[in-house]
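Structural characterization, general
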Amino acid sequence: MKIATNLLLQPLCLSFAFALLSSPATAAVTFPQVYAAADGSHERITVMPESRHPRSRDWCGNGPRINPAKMKIGYTVQHDKRDAIFGSNYEQFVEDAIRPILAASCADKAPRMVSLYFYRGDDFEHYDIMRYQLVDDAGQNVVELLASTRNESHPLFKSAAAMEGLGSCEGETFCELFGGIYLNAIFRGDNELVSQLDRQISEEVANDPSIADLNKFTSIITGEQQGVLADQSYLKLLAVYYMGQYSSDFSSSPGESCLRPGARSITRKETVPVIHYEDMRGISQGSTGGWEYGQVYLVNKEFIPLCDKICGAGGSSGVEFASHGLGSYKLRGVLVGLQQLISRNKCDSPEVRQFENNLVTLTFQSLAREAQGTEIFTGPQEQPTVSARDRIMAAQSEFEAMEQRDSERRIAAARVAPEQPGQASKTYREAGAEFLAANRSNAGVVVSGSGLQYLVLAPGNGRRPTANDTVKVHEFGTMSDGTVVDENFRCCDKALTIGMSQIIPGWAEGLKQIGEGGKIRLFIPPELAYGDRETGAIKAGATLIYEIELLEVL
């Protein structure tokens, strides 16, 4: 598809749904740029340079016919639902969103092509790449797809490879889905096949280096041989995941509910324990925790007894987190298959009803076996006698070795080859300092005495918070390289409630600049964030960019 420049003058383009949410830059572009979805949903599309750092100019490409410009496109929907938020018109997105960014920031590089790297949520690997031509041989502006390639290192494609080891089925219900052999076994109520597939997943878990390290360490502590659960059932995880997804995503058509008479709402909540920190002299260094999280399950009556027994506050996201911790691509593939089952099938079809009934039955049978202890692997019964002191010393030695191995694995995973010969990648602290130095001159950015940079997007009319207040906020956070570290601002109208004494200094200082109803963008140096500590997706020494809406001061 080609889009000539003069099409931009047509009314169709003026009504296109990709509206820039932040103020357009006249000279330099501030990242991330955020766009609304074409389908009118709450989804937000973020655009960042696909680069070690937005201010390093390599992302603009290095010539009209050599390397393309490279842009990172972020979203939170499932990959198979992505077309909807782009209106199935990626060419128009390139014209309306990408071309203005390149015109403002890369005019001197004159890029004739652009490659879009698509990321979902906090994925570390891009899902695919689309390369577009921007200028044709005659010098006319066009948007034409040149190539589209999938990323084989993405976890979904690793899951697909793992599925080959799990096995496949043909011609039966749900066989075409990820993990179809497992889902079809549930559909047919084939307990024996489910158990065989569970053993394959358990073997994959046992071969994960982190799990092997944990088993070895636990063996030293307990004095007993530790091993993976040989007959471990994953049905409980799958059932919780299915129920957690059910109410929000499962519908036969837009506006149609899958809940039938007798359905019930089941709420599970937990409060994170408050942890107080003290230094060696017993002086308080602050505290963390105390906030509440939970999941509301809307389930039909067939699921109520099972949900009463196994549903937890973590919901589907908790199951996803657990599956990543287990290190099983096969299990993750089955979870993707469940998402596909939900999105592709009518929730009241005979096939889905049979799948649900057997999922409940098989999960209860698995829970009964677990209660009887028949799913527990026991290691050798005879263990050599080891003194408590020797065991402690061995555990300390093994723990240090584990830390060293983990560090080596992290370094290997994070190592990125230089894009040009002899060019070493920057540390997160160096890249952040470079970003802040360039950002301070952007229009509207205020630099405080502490080093915090902020841009007030809306001052708000309500009360401003003080150090002793509790606030309710929406937030969206990235590192300065565009990696998403906090997506609450973009998800489901969920608000974070937290005490001002529990947040990082950059947040505390920034929130005091606005009142209720206000919105602010913070550019936070590591000294006002997490310093040289690695916290979740936040890397050591990282500069953070947060957009925060202050909903209420409590």
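Residues numbered from 1 in each chain as written. Predicted model: local features only at pLDDT ≥ 70, side-chain atom pairs only at ≥ 80, totals over all residues. Heavy atoms only, no water.

**Structural notes on the nonpolar core**
Formed by 46 residues in total, the largest nonpolar core has its most connected members in Tyr182, Ile186, Tyr242, Met243 and Phe355. Contributions of two or more residues to this core are made by helix 5 (180-188), helix 6 (191-206), helix 8 (235-249), strand 10 (292-299), helix 9 (304-310), helix 11 (329-344) and helix 12 (350-372). With seven residues, the top contributor of residues to this core is helix 8. Filtering out sequence-adjacent residues up to four positions away, Ile186 remains in contact with Val194, Leu235, Leu238, Phe355, Asn358, Leu359 and Leu362. (Core = buried A, V, L, I, M, F, W, Y, C linked by side-chain atoms within 4.5 Å. Buried < 20%, exposed > 50% of the residue type's maximum accessible area, 1.4 Å probe, protein only. Helix = DSSP H or I, 4+ residues; strand = E, 2+ residues; numbered from the N terminus. Contact = heavy atoms within 4.5 Å.)

**Re the packing of aromatic side chains**
Enumeration over the complete set of coordinates arrives at 13 aromatic pairs. With 5.7 Å between their ring centres and 85° between their planes, Phe174 and Phe187 make a pair best called edge-to-face. Of the two residues, Phe174 is situated in the loop between helix 4 (155-166) and helix 5 and Phe187 in helix 5; the sequence distance between them amounts to 13 residues. Phe187 carries the same exposure label as Phe174, and that label is buried. Both rings, one in Trp507 and one in Tyr546, keep their centres 5.2 Å apart while their planes meet at 85°; by these two values the pair is edge-to-face. Taken as a pair, Trp507 in helix 15 (residues 505-511) and Tyr546 in strand 17 (residues 544-553) lie far apart in primary sequence, 39 residues in all. Taken together through their ring pairs, the aromatic side chains of Tyr35, Tyr75, Phe86, Tyr90, Phe93 and Phe118 make up a single cluster. (Phe/Tyr/Trp six-rings, centres within 6.5 Å; stacked < 30°, edge-to-face > 60°.)

**Some details on the pattern of salt bridges**
Scanning the entire structure with this criterion turns up 16 salt bridges. Arg268 is the salt-bridge partner of Asp308, the closest N and O atoms lying 3.9 Å from each other. Of this pair, Asp308 sits in helix 9 while Arg268 sits in strand 7 (residues 264-271), and the two are 40 residues apart along the sequence. Exposure remark for Asp308: the relative accessible area of 39% places this residue in the partly exposed category. A salt bridge links Asp348 to Arg353; the shortest N-O distance between them is 2.9 Å. Judged by relative accessible area, Asp348 falls into the partly exposed class, the value being 46%. A relative accessible area of 26% means that Arg353 is categorised as partly exposed. Residues participating in the shared-partner salt-bridge network are Arg260, Glu302, Asp348, Arg353 and Glu356. (Salt bridge = Lys/Arg side-chain N within 4 Å of Asp/Glu carboxyl O.)

**Details of the side chain of Gln295**
The topology assignment puts Gln295 in strand 10. Taking the relative accessible area as the measure of exposure, Gln295 reaches 17% and is therefore buried. In this view, Gln295 contacts Gly244, Ile266, Thr267, Arg268, Gly312, Ala313, Gly314, Gly315 and Ser316; residues no more than four positions away in its chain are not counted.

**Some details on helix 3 (residues 90-105)**
Because an α-helix packs 3.6 residues into every turn, residues spaced three or four apart end up facing the same way. Along its 16 residues, helix 3 runs 21 Å from first to last C-alpha, staying within 8% of the 22 Å computed at 1.5 Å per residue. If you look at helix 3, its biggest bend is around 40°, right at Ile98, and the proline Pro100 turns up within four residues after that. The element helix 3 is extensively covered by neighbouring structure, given that twelve of its 16 residues are classed as buried. Within helix 3, the full set of buried residues consists of Tyr90, Glu91, Gln92, Phe93, Val94, Glu95, Ala97, Ile98, Arg99, Ile101, Leu102 and Ser105. (Expected span 1.5 Å × (residues − 1). Bend = angle between axes of the 7 residues up to and from the residue.)

**Side note on the sheet that holds strand 2 (residues 44-49)**
Backbone-to-backbone hydrogen bonds pair the strands of a sheet. The strands run either parallel or antiparallel. Reading across the sheet, the six strands line up as 1-2-3-4-5-6 and stay open at both edges, with mixed pairing between neighbours. What marks the edges here is a single partner per strand, and that holds for strand 1 (33-36) and strand 6 (141-150). Pairs of neighbouring strands in the sheet enclose a mean axial angle of 25°, with direction left out of account. Bridge count for strand 4 (residues 113-120) against strand 5 (residues 128-135) is six bridges, and the pairing is antiparallel. Residue Phe118 lies in a different strand from strand 5, and its bridge partner there is Asp128. (Pairing = 2+ DSSP bridges. Axes fitted to C-alpha atoms, helices over the stretch in contact; angles between N-to-C directions.)

**Thoughts on the state of the cysteines**
Under the defined criterion, the tally for this structure stands at three disulfides. There is a disulfide in this structure between Cys60 and Cys106, and the S-S distance comes to 1.9 Å. Around the S-S axis, the bridge from Cys60 to Cys106 shows a dihedral of about -65° and counts as left-handed. Residue Cys60 is located in the loop between strand 2 and strand 3 (69-75), and its partner Cys106 is located in the loop between helix 3 and strand 4; the two are separated by 46 residues in the primary sequence. There is no split in this pair, since Cys60 and Cys106 are both buried. (Disulfide = S-S within 2.5 Å.)

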